[in-house]
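Residues per chain, in single letters:
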Amino acid sequence: MPTLSPTAPVILTPTGDPTPVEKAVVDGIAADFGPEMFLYTVFYRPDGSCRIWYAWTAGGHQLGDRTDQTALAAGLDCADNFSIARRHLTEHQRGRVRVEAHPLRLIMADVQSGVRAPEPERDKVRRLIGIAAEDSGQPELADRPVPRWMGVGPTRRNR
């Protein structure tokens, strides 16, 4: 591996790949949060598109995966996932970057105590699925049950 002398200038090469910069920003943002957090970070682009990054602070990987295993074993679904995660999130805006911070200890406590999404929220998820099914030309998918728990840990989120 090449080494740089302390006096050698660092040469930066322009690139169209935003990944290294976005990763550095996400790592910096994660350093500002306490342990056992799941961070959902959205980078809004000038063309109207966005990129999403997931990050976990210290202990978050393990607690997120354990929370997912507990939720799946209890039969929780994506409506429950949305509802429980939204109960505890805090939102932070940094220019074109939005961060949703989810404290995993509080999410795990809700999962363990059997918190479920209220029926009006379940109806919203069903309507959203119906719209997506119709828009994609697959109306038969609209009548399917609400999908399983989406996850707050890296194993389910990164699959």
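Everything below is about the structure shown above.
Not measured: the values here are computed from a predicted model.

We now examine helix H3 (residues 78-88). Counting buried positions along H3 gives eight out of 11 residues, so the element sits mostly inside the fold. All of the buried residues in H3 are Cys 78, Ala 79, Asp 80, Asn 81, Ser 83, Ile 84, Ala 85 and His 88. Looking at the buried side of H3, the elements it contacts are strand S3 (90-94), strand S4 (97-103), helix H4 (104-112) and helix H5 (119-135). With a side-chain oxygen positioned 3.0 Å from the backbone nitrogen of Ala 79, the residue opening H3 is Asp 77.

Looking at the secondary structure, you find Gly 64 in helix H2 (residues 60-73). Placed 11 residues apart in sequence, Gly 64 and Trp 53 show a C-alpha to C-alpha distance of 16 Å. In contact with Gly 64, other than residues within four places in its own chain, are Leu 104, Val 152 and Gly 153.

This next bit is on the packing of H3 against H5. It is the contact of H3 with H5, at a shortest axis distance of 9 Å, that shows an interaxial angle of 120 degrees. Put simply, H3 runs oblique to H5. Along this stretch, H3 crosses H5, giving a crossing that reads as right-handed. Every residue of H5 that contacts H3 at Cys 78, Ala 79, Asp 80, Phe 82, Ser 83 and Arg 86 is listed here: Glu 121, Arg 122 and Val 125. Looking at the contact of H3 with H5, its residues break down into four nonpolar, one polar and four charged.

Conventions we followed
Residues numbered from 1 in each chain as written. Predicted model: local features only at pLDDT ≥ 70, side-chain atom pairs only at ≥ 80, totals over all residues. Heavy atoms only, no water. Buried < 20%, exposed > 50% of the residue type's maximum accessible area, 1.4 Å probe, protein only. Helix = DSSP H or I, 4+ residues; strand = E, 2+ residues; numbered from the N terminus. Contact = heavy atoms within 4.5 Å. Polar contact = N/O pair within 3.5 Å; in protein donor to acceptor, adjacent residues only side chain to side chain. Axes fitted to C-alpha atoms, helices over the stretch in contact; angles between N-to-C directions. Parallel < 35°, antiparallel > 145°, perpendicular 65-115°, else oblique. Left-handed = near helix turned anticlockwise from the far one by under 90°. Nonpolar A, V, L, I, M, F, W, Y, C, P; charged D, E, K, R; others polar.

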